[in-house]
Amino acid sequence: RKEVEQDPGPFNVPEGATVAFNCTYSNSASQSFFWYRQDCRKEPKLLMSVYSSGNEDGRFTAQLNRASQYISLLIRDSKLSDSATYLCVVNRASGGSNYKLTFGKGTLLTVNP
Amino acid sequence: SQTIHQWPATLVQPVGSPLSLECTVEGTSNPNLYWYRQAAGRGLQLLFYSVGIGQISSEVPQNLSASRPQDRQFILSSKKLLLSDSGFYLCAWRARITYEQYFGPGTRLTVT
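Figured I'd write up the structure that's included with this text.

Criteria and cut-off values
- Residues numbered from 1 in each chain as written.
- Chains lettered and ligands numbered in written order.
- Predicted model: local features only at pLDDT ≥ 70, side-chain atom pairs only at ≥ 80, totals over all residues.
- Heavy atoms only, no water.
- Pairing = 2+ DSSP bridges.
- Helix = DSSP H or I, 4+ residues; strand = E, 2+ residues; numbered from the N terminus.
- Axes fitted to C-alpha atoms, helices over the stretch in contact; angles between N-to-C directions.
- Salt bridge = Lys/Arg side-chain N within 4 Å of Asp/Glu carboxyl O.
- Buried < 20%, exposed > 50% of the residue type's maximum accessible area, 1.4 Å probe, protein only.
- Contact = heavy atoms within 4.5 Å.
- Polar contact = N/O pair within 3.5 Å; in protein donor to acceptor, adjacent residues only side chain to side chain.
- Core = buried A, V, L, I, M, F, W, Y, C linked by side-chain atoms within 4.5 Å.

Quick look at the sheet that holds strand β8 (residues 70–75) of chain A now. Residue and element names in this part refer to chain A. The strand order β1-β3-β8-β7-β6 describes an open sheet built from five strands, whose pairing is antiparallel. Of all the strands in the sheet, the pair left with one neighbour each is β1 (4–6) and β6 (55–57). Each neighbouring strand pair of the sheet contributes to a mean axis angle of 20°, computed without reference to strand direction. In the sheet, strand β3 (residues 19–25) pairs with β8 via six bridges, with the strands oriented antiparallel. Counted as the bridge partner of C23 is I71 from β8.

All names here are of chain B. The strand order across the open sheet built from four strands is β1-β3-β8-β7, with neighbouring strands paired in antiparallel fashion. Across the chains shown, the open sheet's two edge strands, defined by having one partner strand only, are β1 (3–7) and β7 (64–70). Each strand of the sheet is rotated relative to its neighbour by a mean of 20°, with strand direction disregarded. Pairing of β1 with strand β3 (residues 19–26) involves five bridges; the strand directions are antiparallel. When the bridges of β3 are listed, T3 appears paired with E26.

What follows concerns the pattern of salt bridges. Residue and element names in this part refer to chain A. Applying the stated rule across the entire model yields seven salt bridges over all chains. With a closest N to O distance of 2.8 Å, D82 and R59 form a salt bridge. Here R59 lies in the loop between β6 and β7 (60–65) and D82 lies in the loop between β8 and β9 (84–92), a separation of 23 residues in the sequence. Looking at D82, the relative accessible area reads 3%, which means it is buried.

Residues and elements named next belong to chain A. Among the six residues of strand β4 (residues 33–38), six are classified as buried, and the element is accordingly described as predominantly covered. Where burial is concerned, the two faces of β4 agree: the one with F33, W35 and R37 and the one with F34, Y36 and Q38 are both buried. The pairing of β4 with strand β5 (residues 44–50) spans six bridges and is classified as antiparallel. Bridge pairing in β5 links F34 to S49. Counting the residues in the hairpin turn of β4 and β5 gives five residues, including R41, whose phi is positive at 65°. Sheet topology note: the β4/β9 ladder contains six bridges and is antiparallel. Bridging from a neighbouring strand, R37 pairs with Y86 of β9.

Before going further, it helps to examine the environment of A:M48. Residues and elements named next belong to chain A. Position of M48 relative to the elements: it lies in strand β5. Overall, M48 belongs to the buried group, its relative accessible area being 6%. Remark: the alpha-carbon pair of M48 and R37, spanning eleven residues in sequence, is separated by 9.3 Å. Beyond its immediate chain neighbours, meaning those up to four positions away, M48 contacts F34, W35, N55, E56, D57, F60, A62 and L73.

Moving on to the environment of A:D39. Residue and element names in this part refer to chain A. Position of D39 relative to the elements: it lies in the loop between β4 and β5. C-alpha separation for the pair D39 and S83, spaced 44 residues apart in sequence, amounts to 7.7 Å. Beyond its immediate sequence surroundings of up to four residues, D39 is in contact with S83 and A84. Engagement of the side chain of D39 in a polar contact is seen with the side chain of R37, the distance being 2.5 Å.

Let's shift gears to the nonpolar core. Judged by nonpolar contacts, the single largest core of 23 residues is most densely connected at A:F21, A:W35, A:I71, A:L73, A:I75, A:Y86 and A:L109. Setting aside anything within four residues of it in sequence, one finds A:L109 in contact with A:F11, A:V13, A:V19, A:F21, A:I75, A:D82, A:S83, A:A84 and A:Y86. Residues B:L21, B:C23, B:L64 and B:L109 belong to the second largest nonpolar core, which totals 20 residues.

Turning to the pairing of β3(A), a few remarks are in order. Residues and elements named next belong to chain A. Here β3 shows one buried face, formed by V19, F21, C23 and Y25, and one open face, formed by A20, N22 and T24. Across three bridges, the pairing between β1 and β3 is antiparallel. If you follow E5 over to β3, its bridge partner there is T24.

Written out as structure tokens, the structure reads:
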């Protein structure tokens, strides 16, 4: 099983649609979870952290299911500017302060007018 | 606020030539620093990380090396580039009290 696995897509949705991305991770000891977005030919940017209780930031909702080792991202009322690749990211503790992140390959989202 | 710089933005180098990419961070002290590579159509691969000056850990053995001569400076080098070294090189930093990493704008390297 890959460390972090995502549906590569592409997801093509109309403006205003609701879209959900899923991600699974293999290391049950992982402690921190994130969603990053990456625009074409740009660096990844932190979108939001994912907390055990679930968290929301405007149109974006992230959820974590530790028992199933599953993370999700929901985008409501999609905008054209949401078009990007969404990366599921999991922290893999390696002792001390050398925490490293494992990145999924990303899910490509295109929002169409 | 913290800022991370990388240069150059793009680079075209012939096979067998040397490489030096530089990354600097402003607005923070004693950060963890990371070098990643993203090959076309692939995910981010961690190459090196550093917890302090002169402290480098390698994730993947290859013809690249890294150095951290100053607290907020991280350098990626190669003595002889291979075609397979082409990719998007990203530097990232992490503050000690959090786990999030923040990326620089990256260097797009094409080896010809």
